[in-house]
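# Structural overview
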Amino acid sequence: MKTQEQWIELKNNLNIESRAYINGEYSSAKSGQTLEVINPATDEKLTNIARCQDEDVDLAVAYARQAFQSGQWSESAPSHRKAILIQFADLIDQHREELALLETLDTGKPIAHSYSTDIPGAASAIRWYAEAIDKVYGEVAPTEKDVHAFISHQPIGVVAAVVPWNFPLWLACWKLGPALAAGNSVILKPSEKSSLTAIYLGQLAEQAGLPNGVFQVITGFGHEAGDALAKHDDVDCIAFTGSTRIAGQLMVRSGETNLKRVFAEAGGKNANIVFEDCDDLDRAAKQTAAGCFYNQGEVCVAATRLLVHESIKDVFIDKVISAAQSFMPKDPMDTSSSMGALIDQDHKSKVLEYIELGQSEGAVLRCGGNVEGQGAFVEPTILDNVDNKMRVAQEEIFGPVLCVIPFTDEAHAIAIANDSKYGLGAALWSSNINRVHRVAKQLQAGSVWVNNYNEGDMTVPFGGFKMSGNGRDKSLHAIEKFTETKTTWIRLHP
């Protein structure tokens, strides 16, 4: 990886594309309006991106529909789509440095993370689905003697992928991979706070050979461009990752219009349970800190509620405080940085308000808090003796704030963990195999980790229970979300 000085040199020579990508070309918004892009680590202006609105969305949807109906992509041979998507993934890898730098400048995350994890993860997601294209089969139903009934899967049509600002390219590719693999036309709507890598992706899609209109990027505000996609009668599906509030709004828009599918991965307030029979508290403490503070805590599945048995709480919290020191904020362009800036100053203010709120409700601040000066930096923060009824335990803060909640026994821990409107992820630490299975079965979460936090790969689905959403990213299950299931029933006559 480059040194900090080399990254800065690359930044100084970087030509940032800021226009939307529609029908194979970069273009400004029809209105000519733009949005300012600010580097959250330095508060400097990076560029102005296109502020797309209804007329831009109408144009993109029309091109997407035209491309879909032409069959150039939707009806092409699986081997053809596979070859192009593999080339697409290869191009992401080849442009890893530029994409990593754009991600860090745009979001404030450490360059070491963008380069080592986010961009390779994005390429890996596209490549995994490319490889899966010709390995997904239909079915033949077990019917009566003179009937042949088969079940096939067809691409759903025009898909709008609406993605957040915490892992902009990586989460985009979790949607793009299965949607494109299935043969759909996809319009990517990145967050207005993190659009630069999505825009860059346009030129790579063209180089890879994706036909015009099959992949497009619409930039702008969620309440303008995003809402225009949500209410559009010619959009067949919305794949969304973001807040629970916006997920609900998208479902309302679907109900008001054409009943488009809405697959949402929404918020989380995830429980990380440490039992007294955990046999490696040091490892558990390190993963607890990483689970909460990685990516500045801006992770939907972050381990933000630490449930720890009362008999080991004080000892364990001391270990977590020690582990948290490795996440002290630094300049994200410093290759040794493991925590950068939050997405913007407004979000920093929101996180600091929650920290004050927690203390006013009776929680004890053990470490962390504000970072004075330039940039949207907040230190890893631990609030001890939190009651699960407090707002800091019930509401998603989406920042580096860990809420410590003591429990008395197994049933108490399960009750606290499930006492949430969310159900995205959960973890438990125990050396008792019976307890592991008992507790894992009862936790209301889409992902449950045992003696680790947030491990996984592309082979397993990711999504939530309850108000954490209804979709699933990753694995073959995601491809199903972007297809229509068709039954063909044939009566055989002699």
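Residues numbered from 1 in each chain as written. Predicted model: local features only at pLDDT ≥ 70, side-chain atom pairs only at ≥ 80, totals over all residues. Heavy atoms only, no water.

### With respect to the overall build of the protein chain
For clarity, the cut-off: Helix and strand definitions here come from DSSP, where helices need a minimum of 4 consecutive H or I residues and strands a minimum of 2 consecutive E residues; each element is numbered from the N-terminal end. The globule rule used for comparison is 2.2 Å times the number of residues to the exponent 0.38, while the radius of gyration itself is calculated over C-alpha atoms. Burial classification: accessible surface area is computed with a 1.4 Å probe over protein chains only, and a residue below 20% of its type maximum counts as buried, one above 50% as exposed, and the rest as partly exposed. Throughout, a contact is declared for two residues whenever any of their heavy atoms are within 4.5 Å. Only the protein chains shown count as cover for residues, and all accessible areas are computed by the Shrake-Rupley method using a 1.4 Å probe. Charge counting follows a simple rule: Lys and Arg are positive, Asp and Glu are negative, and His as well as the terminal groups are ignored. Note that the charge is assigned to NZ on lysines, CZ on arginines, CG on aspartates and CD on glutamates.
Broken down by element type, the protein chain carries 16 helices and 21 strands. Compactness check: the protein chain gives a C-alpha radius of gyration of 23 Å against a globular reference of 23 Å for 494 residues, within 12% of the reference. Along the three orthogonal principal directions, the C-alpha set of the protein chain runs to about 75 × 65 × 40 Å. With 494 residues in all, the protein chain has 57% of them scored as buried. Long-range pairs, those at least 24 residues apart, make up 74% of the contacts in the protein chain between residues at least 6 apart in sequence. Here the protein chain displays about 19300 Å² of accessible surface, and carbon together with sulfur accounts for 48% of that area. Side-chain charges in the protein chain split into 44 positive and 63 negative, and the spacing between the mean points of these groups amounts to 4 Å.

### Considering unusual backbone geometry
One non-glycine residue, Asn-385, lies in positive phi territory at about 55 degrees. Asn-385 gets classed as partly exposed once you look at its relative accessible area, which sits at 39%. One non-glycine residue, Ser-475, lies in the positive phi region at around 70 degrees. In this structure, Ser-475 sits in helix α16 (residues 475-481).

### Thoughts on the UniProt feature "active site" (unreviewed entry) in the protein chain
The condition that has to hold: UniProt positions are given in the numbering used here, feature names are shortened, and annotations may be inferred rather than shown by experiment.
When the UniProt feature table is mapped to this numbering, "active site" (unreviewed entry) covers Glu-265. Mapped onto the fold, Glu-265 is located in strand β11 (residues 261-265). Overall, the relative accessible area of 3% leaves Glu-265 in the buried class. For Glu-265, the residues in contact, after removing those within four places along its chain, are Phe-240, Thr-241, Gly-242, Cys-300, Leu-424, Phe-462, Gly-463, Ser-468 and Asp-473.

### Comments concerning the nonpolar core
Rules: Buried Ala, Val, Leu, Ile, Met, Phe, Trp, Tyr and Cys residues that are joined via side-chain atoms within 4.5 Å together make up what is termed a nonpolar core. Residue ranges labeled as domains rest on an automatic or database domain assignment.
Of all hydrophobic cores here, the largest spans 82 residues; its most connected members are Leu-85, Phe-88 and Leu-210. For this core, the element with the highest residue contribution is helix α5 (residues 111-132), accounting for 10 residues. Composition of this core by domain shows at least three residues from each of domain 1 (4-266) and domain 2 (271-450). Residues Val-351, Val-378, Ile-397 and Val-439 belong to the second largest nonpolar core, which totals 35 residues.

### Quick look at the sheet that holds strand β5 (residues 139-140)
Two strands in a sheet stick together by hydrogen bonds in their backbones, pointing the same way (parallel) or opposite ways (antiparallel). As a reminder of what qualifies: By definition, two strands form a pair when at least two bridges between them are found by DSSP.
Taken in spatial order, the three strands of this open sheet run β5-β6-β21, and their pairing is antiparallel. What marks the edges here is a single partner per strand, and that holds for β5 and β21 (483-491). Taken together, the two bridges between β5 and strand β6 (residues 147-155) define a ladder with antiparallel strand orientation. Within the sheet, the bridge partner assigned to Val-140 lies in β6 and is Phe-150.

### Topic: the sheet that holds strand β16 (residues 401-407)
The cut-off we apply is this: Every axis in this analysis is a line fitted to C-alpha atoms, fitted for helices over the stretch in contact. Angles between the N-to-C directions lie between 0 and 180 degrees.
As summarised here, the arrangement of the seven strands in space is β14-β15-β16-β13-β12-β18-β19, forming an open sheet in which the pairing is mixed. On the outer flanks of this sheet lie β14 (364-370) and β19 (447-450), each paired with one strand and no other. Taken pair by pair, the neighbouring strands of this sheet meet at an average axis angle of 15 degrees, ignoring direction. Bridge analysis of β14 against strand β15 (residues 378-384) gives five bridges, and the strand direction is antiparallel. By the bridge assignment, Cys-367 is partnered in β15 with Ile-382. The sheet strands contacting helix α11 (residues 313-324) are β12 (271-274), β13 (305-309), β14, β15 and β16, and the helix crosses β13 at an angle near 140 degrees.

### Concerning the packing of α5 against helix α6 (residues 168-181)
The condition is simple: Should an angle lie under 35 degrees it is considered roughly parallel, over 145 roughly antiparallel, and from 65 to 115 roughly perpendicular; all remaining angles are considered oblique.
Where α5 meets α6, the axes come as close as 8 Å, and the angle between the chain directions of the two elements is 10 degrees. The orientation of α5 with respect to α6, classified from their angle, is roughly parallel. Of the residues in α6, those in contact with Thr-117, Asp-118, Ile-119, Gly-121, Ala-122, Ala-125, Ile-126 and Tyr-129 of α5 are Leu-169, Trp-170, Cys-173, Trp-174, Leu-176, Gly-177, Pro-178 and Ala-181.

### A look at the pairing of strand β18 (residues 425-429)
Within β18, five of the five residues are buried, which leaves the element mostly enclosed by the surrounding structure. Residue alternation in β18 divides its side chains into two sets, Gly-425, Ala-427 and Trp-429 and Ala-426 and Leu-428, and both sets are buried. Both β12 and β18 contribute to a ladder of four bridges, which runs parallel. Note that in β18 the partner of Asn-272 across the bridge is Ala-427.

### Re the state of the cysteines
Put simply, the test is: Any pair of cysteine sulfurs within 2.5 Å is marked as a disulfide.
This model, assessed by the stated rule, comprises zero disulfides. The thiol of Cys-237 is unpaired, and the distance to the nearest cysteine sulfur, on Cys-173, comes to 17 Å. Classification of Cys-237 by relative accessible area gives buried; the value is 0%. For Cys-403, which is in no disulfide, the shortest distance to another cysteine sulfur is to Cys-292 and amounts to 7.9 Å.

### Here we look at the domain arrangement of the protein chain
To keep it simple, the criterion reads: Note on definitions: buried area is the accessible-area loss of two parts on being combined, 1.4 Å probe, summed for both. Whenever a carboxyl oxygen of Asp or Glu lies within 4 Å of a side-chain nitrogen of Lys or Arg, that contact is scored as a salt bridge. Under this definition, polar contacts are N or O atom pairs within 3.5 Å; protein pairs additionally need one hydrogen-donor-capable and one acceptor-capable atom, and for neighbouring residues in sequence, both atoms have to be side-chain atoms.
Here the protein chain is partitioned into domain 1 (4-266) and domain 2 (271-450). Put simply, the middle of domain 1 and the middle of domain 2, counted by C-alpha atoms, are 31 Å apart. With 28 residues of domain 1 at the contact, the number on the domain 2 side is 28 residues. For the domain 1 and domain 2 pair, buried surface summed over both sides reaches about 2200 Å², with 60% attributable to carbon and sulfur atoms. When the area that domain 1 buries against domain 2 is broken down by residue, the three leading residues are Gln-4, His-113 and Trp-165, summing to 23%. Across the contact surface, domain 1 and domain 2 share one salt bridge. Notably, a salt bridge pairs Asp-344 with Lys-193, separated by 3.1 Å at the nearest N-O pair. In this assembly, domain 1 and domain 2 are joined by 11 residue pairs in polar contact (both at pLDDT 80 or more). Counting residues per element, the ones that place at least two in the side of domain 1 that touches domain 2 are α1 (4-12), α4 (96-107) and α5.

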